[in-house]
Amino acid sequence: AQTVTQSQPEMSVQEAETVTLSCTYDTSENNYYLFWYKQPPSRQMILVIRQEAYKQQNATENRFSVNFQKAAKSFSLKISDSQLGDTAMYFCAFKHADSNYQLIWGAGTKLIIKP
Amino acid sequence: DAGVTQSPTHLIKTRGQQVTLRCSPKSGHDTVSWYQQALGQGPQFIFQYYEEEERQRGNFPDRFSGHQFPNYSSELNVNALLLGDSALYLCASSLRTRGRPQYFGPGTRLLVL
């Protein structure tokens, strides 16, 4: 069975710094998708970034980028020029390529951006 | 373009009661998934609906049931409420096409007393 591990329960950085959140996963599948979601105190779960396993190029979305290491089964999220609004819980999630499979979630990392 | 909407935003019930939560998917989406999120934890998958049928189910008892309507909106029903059912209930919609991401609603906070 697939599992997702986020080893950092909580992190804090100063505003404008760069921070990296780690995520590892375990699967025997070759085709899958990986996601980072953000859940601010307002509790709405927001999609941050998505990576397709068959693509070697790392996904980027403005200040957010990932370091996808398929062989190591690692999927870290880098936030550049962090802003106060980045304060949130960040969840890593895995999904098998088959549409019949569900999202598998990590336990989350609480990120605090300090002014 | 309206995103995923859920109602109500908050709900207080007592043990043994029944509750119905509602979700309207993002325009163009055909699949709805429901999650339970306890405080400080990640979401736990309850079930997923597509073409008005339950397609997948997580490790939840039969007290949790659902429905999807022809307009793709969905309901989550919980019978015989327990204190442990207190949680944030999240609805997510997506396209059935493989790899399409799920988009979440704001959630319904359920408190069982």
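All values reported here derive from a predicted model rather than from experimental measurement.

Caption draft 1: Seen up close, the pairing of strand β9 (residues 87-94) of chain B. Residues and elements named next belong to chain B. Across the 8 residues of β9, 8 count as buried, placing the element largely inside the fold. Pairing of strand β4 (residues 31-37) with β9 involves 7 bridges; the strand directions are antiparallel. Residue S33 lies in a different strand from β9, and its bridge partner there is A92. Relative to strand β11 (residues 108-112), β9 runs antiparallel, the two being bridged by 3 bridges. Across the sheet, residue L88 finds its bridge partner in β11, namely R109. Pairing of β9 with strand β10 (residues 103-104), which is carried by 2 bridges, proceeds in the antiparallel orientation. Bridge pairing links S93 to Y103 in β10.

Caption draft 2: Summary view of the interface of chain A and chain B. The interface of chain A with chain B comprises 19 residues on the first partner and 25 residues on the second. Here chain A meets chain B over a buried area of about 1900 Å², counting both sides, of which 47% is carbon and sulfur. Across the contact surface, chain A and chain B share 0 salt bridges. Inspection of the chain A/chain B interface yields 7 residue pairs in polar contact (both at pLDDT 80 or more). Counting only elements with at least two residues in the side of chain A that touches chain B, the list comes to β5 (32-39), β6 (46-52) and β11 (103-105) of chain A. Examining the composition of the side of chain A that touches chain B, we find that 4 residues originate from one element, β5 of chain A, more than from any other.

Caption draft 3: Spotlight on the layout of surface pockets. Here the largest pocket is characterised by a volume of approximately 300 Å³. Contributing to the lining of the largest pocket are 18 residues, with Q39, P40, P41 and M89 of chain A together with G40 of chain B lying nearest its centre. Residue assignment for the lining of the largest pocket shows that the elements contributing at least two residues are β10 (88-96) and β12 (109-114) of chain A. For the lining of the largest pocket, a count of residues per class yields 10 nonpolar, 5 polar and 3 charged. When its volume is computed, the second largest pocket comes out at roughly 230 Å³. Where the lining of the second largest pocket is concerned, the elements lending two or more residues are β11 of chain A together with β5 (44-50) of chain B. Looking at the lining of the second largest pocket, the element that brings in the most residues is β11 of chain A, giving 3 residues. For the lining of the second largest pocket, the class distribution of residues is 7 nonpolar, 7 polar and no charged.

Caption draft 4: Just the state of the cysteines, in detail. All names here are of chain A. As enumerated under the stated definition, the model contains 2 disulfides over all chains in all. Between the sulfur atoms of C23 and its disulfide partner C92 the distance amounts to 2.0 Å. An S-S torsion of about -65 degrees defines the bridge between C23 and C92 as left-handed. One end of the pair, C23, is in the loop between β3 (19-21) and β4 (24-26); the other, C92, is in strand β10, with 69 residues separating them in the sequence. When sorted by exposure, C23 lands in the same class as C92, which is buried.

Caption draft 5: Seen up close, the nonpolar core. L21, Y25, W36, F75, L77, Y90 and L111 of chain A are the most contacted members of the largest nonpolar core, which totals 26 residues. For this core, the elements supplying multiple residues, two or more each, are β2 (10-14), β3, β5, β6, β8 (64-69), β9 (74-79), β10 and β12 of chain A. Counting 20 residues, the second-largest nonpolar core is a separate cluster that includes V4, V32, Y49 and C91 of chain B.

Caption draft 6: Seen up close, a nonpolar patch on the surface. A contiguous nonpolar surface patch, about 290 Å² in accessible area, is contributed by I12, L111 and L113 of chain B. For I12 of chain B, the position within the fold is in strand β2 (residues 10-13).

Caption draft 7: Inspection of the environment of A87 of chain B at higher detail. Secondary-structure assignment places A87 of chain B in strand β9. If we ignore the near neighbours within four places in the chain, the residues touching A87 of chain B are Q36, Q37, A38, T108, R109 and L110 of chain B.

What counts and how
Residues numbered from 1 in each chain as written. Chains lettered and ligands numbered in written order. Predicted model: local features only at pLDDT ≥ 70, side-chain atom pairs only at ≥ 80, totals over all residues. Heavy atoms only, no water. Buried < 20%, exposed > 50% of the residue type's maximum accessible area, 1.4 Å probe, protein only. Helix = DSSP H or I, 4+ residues; strand = E, 2+ residues; numbered from the N terminus. Pairing = 2+ DSSP bridges. Contact = heavy atoms within 4.5 Å. Buried area = accessible area lost by both parts, 1.4 Å probe. Salt bridge = Lys/Arg side-chain N within 4 Å of Asp/Glu carboxyl O. Polar contact = N/O pair within 3.5 Å; in protein donor to acceptor, adjacent residues only side chain to side chain. 1 Å grid on protein atoms, 1.4 Å probe; cavity = no way out; pocket = protein on both sides within 12 Å on 5 of 7 lines; lining within 4 Å. Points joined across faces, edges and corners; volume = space filled by probe spheres on them. Nonpolar A, V, L, I, M, F, W, Y, C, P; charged D, E, K, R; others polar. Disulfide = S-S within 2.5 Å. Core = buried A, V, L, I, M, F, W, Y, C linked by side-chain atoms within 4.5 Å. Patch = residues over 30% accessible without salt bridge, like charges linked within 9 Å, V, L, I, M, F, W, Y side chains within 5 Å. Areas by Shrake-Rupley, 256 points an atom, 1.4 Å probe, with all protein chains shown as cover.

These figures capture arrangement, not role.
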